[in-house]
Amino acid sequence: MNPYILDSSLLEKFKQAVSDHDDFLINTYSNYNGKNLWSLICSAKDWLSVSVNGLPYIDLTHSHDDVRSLNVLQLITTYDIVLQSIEQLHRVFEIEYPLKKDDSVFNAAVPDDAYFAQIRACFGEYGQVLRFLV
């Protein structure tokens with residue numbers, strides 16, 4: 001198990017809140033301005049569950065360098081899935097994402113979200129212009 005885990009009690013509280021209010025959520029968001037946002041809520045909930053429950057099993061101490069490198073990519077991708085799920089929920093519920101311009105984690109010249117995207121790109125996850133790092 002690695003130390004880079006997230007608090008699963010927050011996930012459980014969220015899942016319970018969705019379950020407790022699923023009738024309201026389904027009735028309100030299954031056809032919200034012609035869009036099925038209920039499916040986005042369910043998808044975000046599922047990906048948060050996969051990520052939070054899977055994080056402890058990412059092995060960053062593997063004896064083979066190549067496997068460790070892939071596992072670091074898996075860790076970064078998993079954190080990104082969490083981030084994207086939380087951002088998606090903010091969009092669905094039409095709540096401004098409070099960390100959009102936050103730079104308190106990396107203390108870089110760009111917001112943390114943009115900097116994290118650059119880190120992910122450095123690991124080859126997807127094509128991204130690496131302009132923020134140079």
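Analysis parameters
Residues numbered from 1 in each chain as written. Predicted model: local features only at pLDDT ≥ 70, side-chain atom pairs only at ≥ 80, totals over all residues. Heavy atoms only, no water. Helix = DSSP H or I, 4+ residues; strand = E, 2+ residues; numbered from the N terminus. Buried < 20%, exposed > 50% of the residue type's maximum accessible area, 1.4 Å probe, protein only. Contact = heavy atoms within 4.5 Å. Areas by Shrake-Rupley, 256 points an atom, 1.4 Å probe, with all protein chains shown as cover. Lys, Arg positive; Asp, Glu negative; His and termini not counted. Charge placed at Lys NZ, Arg CZ, Asp CG, Glu CD. Axes fitted to C-alpha atoms, helices over the stretch in contact; angles between N-to-C directions. Left-handed = near helix turned anticlockwise from the far one by under 90°. Nonpolar A, V, L, I, M, F, W, Y, C, P; charged D, E, K, R; others polar. Core = buried A, V, L, I, M, F, W, Y, C linked by side-chain atoms within 4.5 Å. Parallel < 35°, antiparallel > 145°, perpendicular 65-115°, else oblique.

Enquirer: Give a detailed account of the overall build of the chain, specifying residues and quantitative values.
Expert: Per the secondary structure count, the chain includes 5 helices and 0 strands. Each principal axis of the C-alpha atoms in the chain carries an extent, and together these give about 50 × 35 × 25 Å. The 134 residues of the chain split such that 31% are buried. Pairs at least 24 apart in sequence give 49% of the contacts found in the chain among residues at least 6 apart. Taken as a whole, the chain presents about 8800 Å² of accessible surface, with 55% of it coming from carbon and sulfur. Within the chain, one finds 10 positive and 18 negative side-chain charges whose respective centroids are separated by 5 Å.

Enquirer: An account of unusual backbone geometry is requested, with residue identities and associated values reported.
Expert: The phi dihedral of Asn-33 falls on the positive side, at around 55 degrees, and the residue is not glycine. Tracing the chain through its elements places Asn-33 in the loop between helix H2 (22-29) and helix H3 (37-54). Under the relative-accessibility criterion, Asn-33 is labelled exposed at 68%. With phi around 55 degrees, Glu-94 is a residue other than glycine that occupies positive phi space. With respect to the element layout, Glu-94 can be found in the loop between helix H4 (65-92) and helix H5 (112-122). Owing to a relative accessible area of 57%, Glu-94 belongs among the exposed residues under this scheme.

Enquirer: Tell me about the packing of H4 against H5, and name the residues and values.
Expert: Where H4 meets H5, the closest approach of the two axes is 11 Å, and the angle between their N-to-C directions is 145 degrees. For the pair H4 and H5, the sense of crossing is left-handed. In contact with Ile-76, Thr-77, Tyr-79, Asp-80, Leu-83 and Glu-87 of H4, H5 contributes Asp-113, Phe-116, Ile-119 and Arg-120. Taken together, the residues that form the contact of H4 with H5 break down as 5 nonpolar, 1 polar and 4 charged.

Enquirer: Residues and numbers for H5, please.
Expert: When we look at burial in H5, the residues that qualify are Asp-112, Phe-116, Ala-117, Gln-118, Arg-120 and Ala-121. Those residues of H5 that are buried are in contact with H4.

Enquirer: Which residues make up the side chain of Thr-78, and what are the values?
Expert: Within the secondary structure, Thr-78 sits in helix H4. According to the relative accessible area criterion, Thr-78 is buried, its value standing at 10%.

Enquirer: Which residues make up the nonpolar core, and what are the values?
Expert: Ranked by internal contacts, the top residues of the largest apolar core, which has 13 residues, are Leu-25, Tyr-29, Trp-38, Ile-41, Leu-48, Leu-89 and Val-92. Looking at this core, the elements that each hand over two or more residues are helix H1 (8-20), H2, H3 and H4.

Enquirer: Could you give me a rundown of the packing of H2 against H3, with the residues and numbers involved?
Expert: Any two packed helices are characterised by the angle at which their axes cross and by the distance between the axes. In the contact formed by H2 and H3, the axes pass within 7 Å of each other and the chain directions differ by 135 degrees. By the angle class used here, H2 and H3 are oblique. Between H2 and H3, the contacting residues are Asp-22, Leu-25, Ile-26 and Tyr-29 on the first element and Leu-37, Trp-38 and Ile-41 on the second. The class makeup of the residues in the contact of H2 with H3 is 6 nonpolar, no polar and 1 charged.

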